[in-house]
Amino acid sequence: MVGYDPEAKCVSTLEAAAAGSAAGLVNRVCVSPLDVIKIRFQLQIEQLSSRNPLAKYHGILQAAQRILREEGLFAFWKGHVPAQFLSVGYGAVQFMVFESLTKLVHNITSYSARDSFVHFVCGGVAACTATVAVQPVDTLRTRFAAQGEPKIYHSLRHAVVTMYRTEGRWTFYRGLTPTIIAVFPYAGLQFSFYNIFQQFSEWMIPAEGKKAGNVKNLVCGSCAGIISKTLTYPFDLFKKRLQVGGFEQARAAFGQVRTYRGLLDCVRQIMREEGPGGFFKGLSPSLLKAAVSTGLIFFWYELFCSLLCTLKSTDITKKKRS
(Lines give C-alpha, C1' and ligand atoms only; values in the text may rest on other atoms or scores of the structure.)
Protein backbone atom coordinates (compact mmCIF):
# COMPACT_ATOMS: atom_id res chain seq x y z
CA MET A 1 0.00 0.00 0.00
CA VAL A 2 3.08 2.26 0.24
CA GLY A 3 3.19 4.04 -3.10
CA TYR A 4 0.59 4.47 -5.81
CA ASP A 5 -1.20 1.26 -6.75
CA PRO A 6 -3.31 1.65 -9.92
CA GLU A 7 -5.25 -1.50 -9.06
CA ALA A 8 -6.15 -0.52 -5.50
CA LYS A 9 -7.03 3.20 -5.92
CA CYS A 10 -7.95 3.29 -2.27
CA VAL A 11 -6.03 6.05 -0.48
CA SER A 12 -6.16 9.67 -1.68
CA THR A 13 -3.29 12.15 -1.26
CA LEU A 14 -4.90 13.81 1.77
CA GLU A 15 -5.64 10.44 3.33
CA ALA A 16 -1.99 9.46 2.83
CA ALA A 17 -1.00 12.67 4.65
CA ALA A 18 -3.38 11.84 7.51
CA ALA A 19 -2.08 8.28 7.78
CA GLY A 20 1.52 9.53 7.67
CA SER A 21 0.82 12.04 10.45
CA ALA A 22 -0.83 9.43 12.67
CA ALA A 23 2.01 6.95 12.02
CA GLY A 24 4.60 9.61 12.89
CA LEU A 25 2.83 10.56 16.11
CA VAL A 26 2.56 7.00 17.45
CA ASN A 27 6.05 6.10 16.29
CA ARG A 28 7.68 9.10 18.03
CA VAL A 29 6.35 8.10 21.45
CA CYS A 30 7.90 4.65 21.04
CA VAL A 31 11.38 5.62 19.80
CA SER A 32 12.06 8.84 21.73
CA PRO A 33 14.29 7.19 24.41
CA LEU A 34 16.54 5.68 21.75
CA ASP A 35 16.66 9.00 19.94
CA VAL A 36 17.81 10.87 23.07
CA ILE A 37 20.58 8.30 23.71
CA LYS A 38 21.66 8.44 20.07
CA ILE A 39 21.90 12.25 20.13
CA ARG A 40 23.93 12.18 23.36
CA PHE A 41 26.37 9.71 21.75
CA GLN A 42 26.66 11.75 18.56
CA LEU A 43 27.49 14.96 20.43
CA GLN A 44 30.10 13.42 22.74
CA ILE A 45 33.64 14.36 21.68
CA GLU A 46 35.30 11.78 23.96
CA GLN A 47 35.63 8.17 22.81
CA LEU A 48 32.59 6.02 23.57
CA SER A 49 34.51 3.60 25.78
CA SER A 50 34.54 2.61 29.45
CA ARG A 51 38.35 2.77 29.24
CA ASN A 52 38.17 6.54 28.78
CA PRO A 53 37.64 8.12 32.23
CA LEU A 54 36.48 11.39 30.65
CA ALA A 55 33.69 9.74 28.66
CA LYS A 56 30.27 10.40 30.16
CA TYR A 57 28.56 7.74 28.04
CA HIS A 58 30.08 4.52 26.67
CA GLY A 59 27.19 2.11 26.08
CA ILE A 60 23.42 2.01 25.54
CA LEU A 61 22.57 0.42 28.89
CA GLN A 62 25.09 2.57 30.81
CA ALA A 63 23.80 5.74 29.13
CA ALA A 64 20.19 4.84 29.87
CA GLN A 65 20.98 4.16 33.53
CA ARG A 66 22.97 7.40 33.89
CA ILE A 67 20.32 9.56 32.25
CA LEU A 68 17.65 7.95 34.43
CA ARG A 69 19.70 8.48 37.60
CA GLU A 70 20.81 12.05 36.89
CA GLU A 71 17.83 13.49 35.00
CA GLY A 72 14.87 11.24 35.72
CA LEU A 73 12.55 9.15 33.57
CA PHE A 74 11.13 12.08 31.60
CA ALA A 75 14.62 12.94 30.30
CA PHE A 76 14.09 10.21 27.69
CA TRP A 77 11.34 12.38 26.26
CA LYS A 78 13.25 15.67 26.37
CA GLY A 79 12.20 17.79 23.43
CA HIS A 80 9.18 15.55 22.90
CA VAL A 81 6.82 18.39 21.96
CA PRO A 82 8.98 19.71 19.09
CA ALA A 83 9.78 16.08 18.23
CA GLN A 84 6.07 15.36 17.84
CA PHE A 85 5.63 18.41 15.62
CA LEU A 86 8.57 17.07 13.64
CA SER A 87 7.19 13.54 13.33
CA VAL A 88 3.63 14.57 12.50
CA GLY A 89 4.71 17.20 9.97
CA TYR A 90 7.41 15.04 8.42
CA GLY A 91 5.15 12.01 8.14
CA ALA A 92 2.37 14.02 6.52
CA VAL A 93 4.57 15.76 3.94
CA GLN A 94 6.71 12.72 3.15
CA PHE A 95 3.93 10.24 2.48
CA MET A 96 1.72 12.82 0.74
CA VAL A 97 4.52 13.80 -1.66
CA PHE A 98 5.60 10.17 -2.12
CA GLU A 99 2.12 8.99 -3.04
CA SER A 100 1.67 11.98 -5.40
CA LEU A 101 5.03 11.43 -7.11
CA THR A 102 4.58 7.69 -7.64
CA LYS A 103 1.15 8.40 -9.13
CA LEU A 104 2.63 11.10 -11.38
CA VAL A 105 5.42 8.78 -12.55
CA HIS A 106 2.89 6.06 -13.32
CA ASN A 107 0.66 8.41 -15.32
CA ILE A 108 3.22 10.36 -17.38
CA THR A 109 6.12 7.90 -17.84
CA SER A 110 6.61 4.31 -18.93
CA TYR A 111 7.89 3.32 -15.47
CA SER A 112 5.75 1.27 -13.12
CA ALA A 113 4.76 2.86 -9.81
CA ARG A 114 5.82 -0.40 -8.10
CA ASP A 115 9.38 -0.28 -9.47
CA SER A 116 12.08 -0.15 -6.78
CA PHE A 117 14.08 2.54 -8.61
CA VAL A 118 10.95 4.72 -8.82
CA HIS A 119 10.48 4.25 -5.08
CA PHE A 120 14.13 5.24 -4.49
CA VAL A 121 13.86 8.51 -6.44
CA CYS A 122 10.36 9.43 -5.25
CA GLY A 123 11.21 8.51 -1.66
CA GLY A 124 14.34 10.69 -1.77
CA VAL A 125 12.51 13.70 -3.22
CA ALA A 126 9.63 13.31 -0.76
CA ALA A 127 12.04 13.17 2.18
CA CYS A 128 13.95 16.25 1.01
CA THR A 129 10.69 18.18 0.73
CA ALA A 130 9.62 17.07 4.20
CA THR A 131 13.05 17.88 5.64
CA VAL A 132 13.04 21.47 4.43
CA ALA A 133 9.52 21.88 5.82
CA VAL A 134 10.37 20.65 9.32
CA GLN A 135 14.08 21.52 9.72
CA PRO A 136 13.45 24.36 12.25
CA VAL A 137 11.51 21.94 14.46
CA ASP A 138 14.29 19.35 14.11
CA THR A 139 16.85 21.90 15.32
CA LEU A 140 14.67 22.71 18.33
CA ARG A 141 14.23 19.00 19.10
CA THR A 142 18.02 18.46 18.98
CA ARG A 143 18.68 21.43 21.28
CA PHE A 144 16.16 20.19 23.86
CA ALA A 145 17.49 16.61 23.75
CA ALA A 146 21.09 17.83 24.04
CA GLN A 147 20.82 20.28 26.94
CA GLY A 148 21.75 19.24 30.45
CA GLU A 149 20.99 20.74 33.84
CA PRO A 150 20.37 23.58 34.52
CA LYS A 151 18.29 23.99 31.38
CA ILE A 152 19.01 26.81 28.95
CA TYR A 153 15.55 26.63 27.37
CA HIS A 154 12.54 26.30 29.65
CA SER A 155 9.82 25.95 27.02
CA LEU A 156 9.35 25.72 23.27
CA ARG A 157 8.38 29.39 23.05
CA HIS A 158 11.38 30.43 25.16
CA ALA A 159 13.71 28.43 22.91
CA VAL A 160 12.33 29.98 19.71
CA VAL A 161 12.54 33.55 21.04
CA THR A 162 16.01 33.09 22.55
CA MET A 163 17.49 31.44 19.45
CA TYR A 164 15.99 34.07 17.15
CA ARG A 165 17.24 36.99 19.25
CA THR A 166 20.74 35.69 19.95
CA GLU A 167 21.59 33.72 16.79
CA GLY A 168 19.26 34.96 14.05
CA ARG A 169 16.63 33.24 11.96
CA TRP A 170 19.07 31.07 9.99
CA THR A 171 20.08 29.22 13.16
CA PHE A 172 16.89 27.15 12.75
CA TYR A 173 18.41 25.74 9.55
CA ARG A 174 21.77 24.73 11.02
CA GLY A 175 22.87 21.38 9.62
CA LEU A 176 20.49 21.58 6.65
CA THR A 177 23.24 20.89 4.06
CA PRO A 178 24.38 17.50 5.45
CA THR A 179 20.74 16.68 6.18
CA ILE A 180 19.70 17.18 2.56
CA ILE A 181 22.78 15.32 1.32
CA ALA A 182 22.00 12.38 3.60
CA VAL A 183 18.21 12.31 3.56
CA PHE A 184 17.80 11.68 -0.18
CA PRO A 185 19.72 8.38 -0.27
CA TYR A 186 18.55 7.42 3.24
CA ALA A 187 14.85 7.79 2.53
CA GLY A 188 15.26 6.58 -1.03
CA LEU A 189 16.92 3.40 0.22
CA GLN A 190 14.22 3.00 2.89
CA PHE A 191 11.38 3.06 0.38
CA SER A 192 13.34 1.07 -2.21
CA PHE A 193 14.43 -1.73 0.14
CA TYR A 194 10.99 -1.83 1.74
CA ASN A 195 9.53 -2.38 -1.73
CA ILE A 196 12.15 -5.05 -2.53
CA PHE A 197 11.56 -6.91 0.73
CA GLN A 198 7.79 -6.72 0.22
CA GLN A 199 8.09 -8.21 -3.25
CA PHE A 200 10.50 -10.86 -1.97
CA SER A 201 8.13 -11.80 0.86
CA GLU A 202 5.22 -12.11 -1.59
CA TRP A 203 7.34 -14.52 -3.63
CA MET A 204 8.55 -16.51 -0.60
CA ILE A 205 5.44 -16.66 1.60
CA PRO A 206 2.59 -18.94 0.46
CA ALA A 207 -0.88 -17.47 0.03
CA GLU A 208 -2.19 -18.97 3.27
CA GLY A 209 0.66 -17.35 5.22
CA LYS A 210 -0.07 -13.83 4.03
CA LYS A 211 -2.66 -13.21 6.73
CA ALA A 212 0.14 -11.95 8.98
CA GLY A 213 0.60 -8.92 6.73
CA ASN A 214 1.17 -6.48 9.60
CA VAL A 215 4.08 -8.53 10.95
CA LYS A 216 5.53 -8.73 7.44
CA ASN A 217 5.33 -4.93 7.09
CA LEU A 218 7.12 -4.51 10.42
CA VAL A 219 9.94 -6.91 9.47
CA CYS A 220 10.40 -5.46 5.97
CA GLY A 221 10.49 -1.94 7.36
CA SER A 222 13.02 -2.87 10.06
CA CYS A 223 15.39 -4.48 7.54
CA ALA A 224 15.08 -1.48 5.22
CA GLY A 225 15.81 0.88 8.12
CA ILE A 226 18.97 -0.94 9.22
CA ILE A 227 20.47 -1.01 5.72
CA SER A 228 19.65 2.61 4.85
CA LYS A 229 20.85 3.96 8.22
CA THR A 230 24.19 2.14 8.06
CA LEU A 231 24.94 3.47 4.58
CA THR A 232 24.13 7.11 5.39
CA TYR A 233 24.90 7.39 9.11
CA PRO A 234 27.88 9.85 9.11
CA PHE A 235 25.75 12.65 7.65
CA ASP A 236 23.29 12.32 10.51
CA LEU A 237 26.17 12.81 12.94
CA PHE A 238 27.42 15.89 11.04
CA LYS A 239 23.93 17.36 11.18
CA LYS A 240 23.67 16.92 14.94
CA ARG A 241 27.10 18.46 15.55
CA LEU A 242 26.23 21.50 13.43
CA GLN A 243 22.78 21.95 14.98
CA VAL A 244 24.21 22.55 18.46
CA GLY A 245 26.65 25.20 17.30
CA GLY A 246 26.41 28.28 19.55
CA PHE A 247 24.96 26.03 22.26
CA GLU A 248 28.25 25.26 24.03
CA GLN A 249 27.17 26.49 27.49
CA ALA A 250 24.45 23.84 27.77
CA ARG A 251 26.84 21.14 26.58
CA ALA A 252 29.53 21.78 29.22
CA ALA A 253 28.19 19.15 31.63
CA PHE A 254 28.60 16.41 29.02
CA GLY A 255 32.32 16.86 28.29
CA GLN A 256 34.34 18.65 25.62
CA VAL A 257 32.63 20.92 23.10
CA ARG A 258 33.70 22.01 19.64
CA THR A 259 32.76 24.82 17.28
CA TYR A 260 32.51 24.06 13.57
CA ARG A 261 32.58 26.62 10.75
CA GLY A 262 30.64 24.40 8.38
CA LEU A 263 30.25 20.86 7.03
CA LEU A 264 33.81 20.44 5.70
CA ASP A 265 35.34 21.86 8.88
CA CYS A 266 33.19 19.48 10.92
CA VAL A 267 34.42 16.51 8.86
CA ARG A 268 38.07 17.60 9.18
CA GLN A 269 37.92 18.14 12.95
CA ILE A 270 36.19 14.82 13.62
CA MET A 271 38.70 12.96 11.42
CA ARG A 272 41.68 14.68 13.08
CA GLU A 273 40.54 14.38 16.72
CA GLU A 274 38.33 11.31 16.79
CA GLY A 275 39.49 9.24 13.83
CA PRO A 276 37.32 7.32 11.31
CA GLY A 277 35.37 5.75 14.17
CA GLY A 278 34.17 9.22 15.14
CA PHE A 279 31.92 9.26 12.09
CA PHE A 280 29.97 6.32 13.51
CA LYS A 281 29.52 7.39 17.14
CA GLY A 282 26.07 6.41 18.31
CA LEU A 283 25.65 3.88 15.49
CA SER A 284 24.44 1.08 17.79
CA PRO A 285 21.46 2.97 19.29
CA SER A 286 20.88 4.54 15.90
CA LEU A 287 20.60 1.14 14.21
CA LEU A 288 18.33 -0.08 16.98
CA LYS A 289 16.23 3.05 16.58
CA ALA A 290 16.26 2.74 12.77
CA ALA A 291 15.05 -0.86 12.96
CA VAL A 292 12.28 -0.01 15.41
CA SER A 293 11.37 3.37 13.89
CA THR A 294 11.33 2.39 10.22
CA GLY A 295 9.57 -0.87 10.95
CA LEU A 296 6.92 0.89 13.00
CA ILE A 297 6.44 3.83 10.64
CA PHE A 298 5.64 1.51 7.72
CA PHE A 299 3.63 -0.76 10.01
CA TRP A 300 1.47 2.10 11.33
CA TYR A 301 1.17 3.76 7.92
CA GLU A 302 -0.05 0.57 6.27
CA LEU A 303 -2.37 -0.09 9.20
CA PHE A 304 -3.93 3.41 9.14
CA CYS A 305 -4.30 3.23 5.35
CA SER A 306 -6.06 -0.12 5.70
CA LEU A 307 -8.39 1.35 8.32
CA LEU A 308 -9.20 4.29 6.04
CA CYS A 309 -9.91 1.92 3.15
CA THR A 310 -12.15 -0.20 5.37
CA LEU A 311 -14.08 2.86 6.54
CA LYS A 312 -14.55 4.05 2.95
CA SER A 313 -15.74 0.62 1.84
CA THR A 314 -18.20 0.48 4.74
CA ASP A 315 -19.59 3.93 3.87
CA ILE A 316 -19.98 2.98 0.21
CA THR A 317 -21.78 -0.23 1.18
CA LYS A 318 -24.15 1.65 3.50
CA LYS A 319 -24.94 4.21 0.79
CA LYS A 320 -25.73 1.46 -1.74
CA ARG A 321 -28.08 -0.24 0.70
CA SER A 322 -29.87 2.96 1.52
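Everything numeric here is computed off the predicted structure, so don't read it as measured data.

Engineer: In this structure, what is going on with the overall build of the chain? I would like to understand it.
Structural biologist: The helix and strand tally for the chain stands at 10 helices and 0 strands. Relative to its full complement of 322 residues, the chain shows a buried share of 50%. A separation of at least 24 residues holds for 79% of the contacts in the chain among residues at least 6 apart in sequence. When the accessible surface of the chain is totalled, it reaches about 15,500 Å², and 65% of it is carbon and sulfur.

Engineer: Sorry if this is basic, but what is going on with helix α9 (residues 263-274) here?
Structural biologist: Count 3.6 residues to each turn of an α-helix, and residues three or four apart come out pointing the same way. Relative to the 16 Å expected for 12 residues at 1.5 Å per residue, α9 spans 16 Å between its end C-alpha atoms, a close match to the ideal helical length. All of the buried residues in α9 are Asp-265, Cys-266, Gln-269, Ile-270 and Glu-274. Projected onto a plane normal to the axis of α9, the buried residues spread over an arc of 130° and lie on a single side. Of the exposed residues in α9, the ones pointing more than 90 degrees away from its buried face are Leu-264 and Arg-272. Positive phi appears at Gly-275, one or two residues downstream of α9, with a value of about 75°.

Engineer: What am I meant to see in the environment of Asp-265 here?
Structural biologist: Topologically, Asp-265 is positioned in helix α9. Discounting chain neighbours no more than four positions away, the residues touching Asp-265 are Thr-259 and Tyr-260.

Engineer: Would you mind going over the packing of aromatic side chains with me for this structure?
Structural biologist: Aromatic rings in a pair are described by how distant their centres are and how their planes are angled relative to each other. Going through the model one piece at a time under the given rule, you end up with 15 aromatic pairs. For the ring pair Trp-300 and Phe-304, a centre distance of 5.9 Å and an interplane angle of 25° mean the geometry is stacked. In this pair, Trp-300 and Phe-304 are both assigned in helix α10 (residues 283-321), 4 residues apart and thus about one turn of the helix distant. Three or more aromatic residues link up through ring pairs in this structure, and these residues are Phe-95, Phe-98, Phe-191, Tyr-194, Phe-298 and Tyr-301. Of note, Lys-229 hangs over the ring of Tyr-186, and the distance from its end group to the ring centre comes to 4.6 Å.

Engineer: Hey, could you run me through the packing of helix α3 (residues 80-108) against helix α6 (residues 176-204) in this one?
Structural biologist: Packed helices, taken two at a time, are described by their axes: the angle between them and the distance between them. Where α3 meets α6, the closest approach of the two axes is 13 Å, and the angle between their N-to-C directions is 65°. Considering the angle they form, α3 stands roughly perpendicular to α6. Judged by the twist between their axes, the crossing of α3 over α6 is right-handed. Only Val-183, Ala-187 and Phe-191 of α6 make contact with α3, whose side of the interface consists of Tyr-90, Gln-94, Phe-95 and Phe-98. Of the residues that constitute the contact of α3 with α6, the class distribution is 6 nonpolar, 1 polar and no charged.

Engineer: Is there a simple way to think about the environment of His-158 in this case?
Structural biologist: Residue placement: His-158 occurs in helix α5 (residues 156-167). Judged by relative accessible area, His-158 falls into the partly exposed class, the value being 29%.

Engineer: Which parts of the structure should I look at to understand a nonpolar patch on the surface?
Structural biologist: A cluster of nonpolar side chains, contributed by Tyr-111, Phe-117, Val-121 and Val-125, occupies part of the molecular surface with about 360 Å² of accessible area. Examined against the element boundaries, Tyr-111 turns out to sit in the loop between α3 and α4 (116-146).

Engineer: What's the story with the UniProt feature "transmembrane region" (unreviewed entry) in the chain in this structure? I'm lost.
Structural biologist: Here, UniProt's "transmembrane region" (unreviewed entry) annotation points to residues 290-311. With 100% helix and 0% strand, residues 290-311 has its two end C-alpha atoms placed 31 Å apart.

Engineer: Whenever I open this one, the environment of Phe-235 confuses me. Can you help?
Structural biologist: In this structure, Phe-235 sits in helix α7 (residues 213-243). Taking the C-alpha atoms as reference points, Phe-235 and Val-183, separated by 52 residues in sequence, lie 8.6 Å from one another. In this structure, Phe-235 is in contact with Pro-178, Ile-181 and Ala-182, ignoring residues within four places of it in sequence.

Engineer: Is there a simple way to think about the pattern of salt bridges in this case?
Structural biologist: Think of it this way: side chains of opposite charge can pair up when their charged atoms draw near. Counting across every chain of the model gives 17 salt bridges. Connected via shared salt-bridge partners are Arg-28, Asp-35, Lys-38, Asp-138, Lys-229, Asp-236, Lys-239, Lys-240 and Lys-289.

Engineer: Would you mind going over helix α1 (residues 13-43) with me for this structure?
Structural biologist: Helix length check: α1, at 31 residues, gives a terminal C-alpha distance of 38 Å against a target of 45 Å (1.5 Å per residue), a shortfall beyond 12%. The largest bend along α1 reaches roughly 55° and is located at Val-31, with the proline Pro-33 sitting one to four residues downstream.

Engineer: Explain the side chain of Gln-135 to me, please; I cannot follow it from the model alone.
Structural biologist: The residue Gln-135 is located in helix α4 in this model. When sequence neighbours within four positions are dropped, the list of residues in contact with Gln-135 reads Phe-172, Tyr-173, Arg-174, Gly-175, Leu-176, Thr-179 and Gln-243.

Engineer: When you look at the nonpolar core in this model, what are you seeing that I'm missing?
Structural biologist: As a rule of thumb, soluble globular proteins bury nonpolar side chains together. Judged by nonpolar contacts, the single largest core of 21 residues is most densely connected at Val-2, Phe-95, Phe-98, Phe-191, Tyr-194, Phe-298 and Tyr-301. Among the elements of the structure, α1, α3, α4, α6, α7 and α10 are those that each provide at least two residues to this core. Considering every element that reaches this core, the biggest residue donor is α3, with 5 residues. Among the nonpolar cores identified, the runner-up in size contains 14 residues, and Val-36, Tyr-57, Ile-67 and Phe-76 belong to it.

Definitions and cut-offs
Positions within a chain are numbered from 1, following the residues in the order the chain's sequence is written. Local features in a predicted model are, by the rule used here, given only for residues with pLDDT of at least 70; side-chain atom pairs are given and counted only at 80 or more, and totals for whole chains, interfaces and linings are based on all residues. Side-chain numbers come from the whole structure's heavy atoms, not from hydrogens or water. Helix and strand labels come from DSSP, where a helix needs a run of H or I of at least four residues and a strand needs a run of E of at least two; each type is numbered from the N terminus. Think of it in three bands: with a 1.4 Å probe and only protein chains considered, a residue is buried below 20% of the maximum accessible area for its type, exposed above 50%, and partly exposed in between. Any two residues whose heavy atoms approach within 4.5 Å are treated as being in contact. For the accessible areas, the method is Shrake-Rupley and the probe is 1.4 Å, while residue cover comes only from the protein chains on display. The span expected for a helix works out to 1.5 Å for each residue beyond the first. Of all possible arcs, the one meant is that of the directions from the helix axis to the C-beta atoms. In this scheme Phe, Tyr and Trp rings, the latter by its six-membered ring, pair at centre separations within 6.5 Å, and the angle between planes marks the pair as stacked below 30 degrees, edge-to-face above 60, and tilted otherwise. A ring has a charge above it when a Lys NZ or an Arg CZ is no more than 6 Å from the ring centre and no more than 35 degrees off the ring normal. Structural elements are reduced to axes, namely lines fitted to C-alpha atoms, with helices fitted over the stretch in contact, and the angle between N-to-C directions of any two is expressed from 0 to 180 degrees. Should an angle fall under 35 degrees it is taken as roughly parallel, and over 145 as roughly antiparallel, whereas 65 to 115 is taken as roughly perpendicular and any remaining angle as oblique. Here a crossing is called left-handed whenever its near helix is offset anticlockwise from the far helix by less than a right angle, and right-handed whenever the offset is clockwise. We call Asp, Glu, Lys and Arg charged. Ala, Val, Leu, Ile, Met, Phe, Trp, Tyr, Cys and Pro are nonpolar, and the rest, Gly among them, are polar. Here the term patch refers to residues with relative accessible area over 30% and no salt bridge, with like charges joined within 9 Å and nonpolar side chains (Val, Leu, Ile, Met, Phe, Trp, Tyr) within 5 Å. Whenever Lys or Arg places a side-chain nitrogen within 4 Å of a carboxyl oxygen from Asp or Glu, that contact is recorded as a salt bridge. UniProt positions are given in the numbering used here, feature names are shortened, and annotations may be inferred rather than shown by experiment. Take the seven residues that end at a residue and the seven that start at it, fit an axis to each, and the angle between those axes is the bend at that residue. We define a nonpolar core as any set of buried Ala, Val, Leu, Ile, Met, Phe, Trp, Tyr and Cys residues linked to one another through side-chain atoms lying within 4.5 Å.

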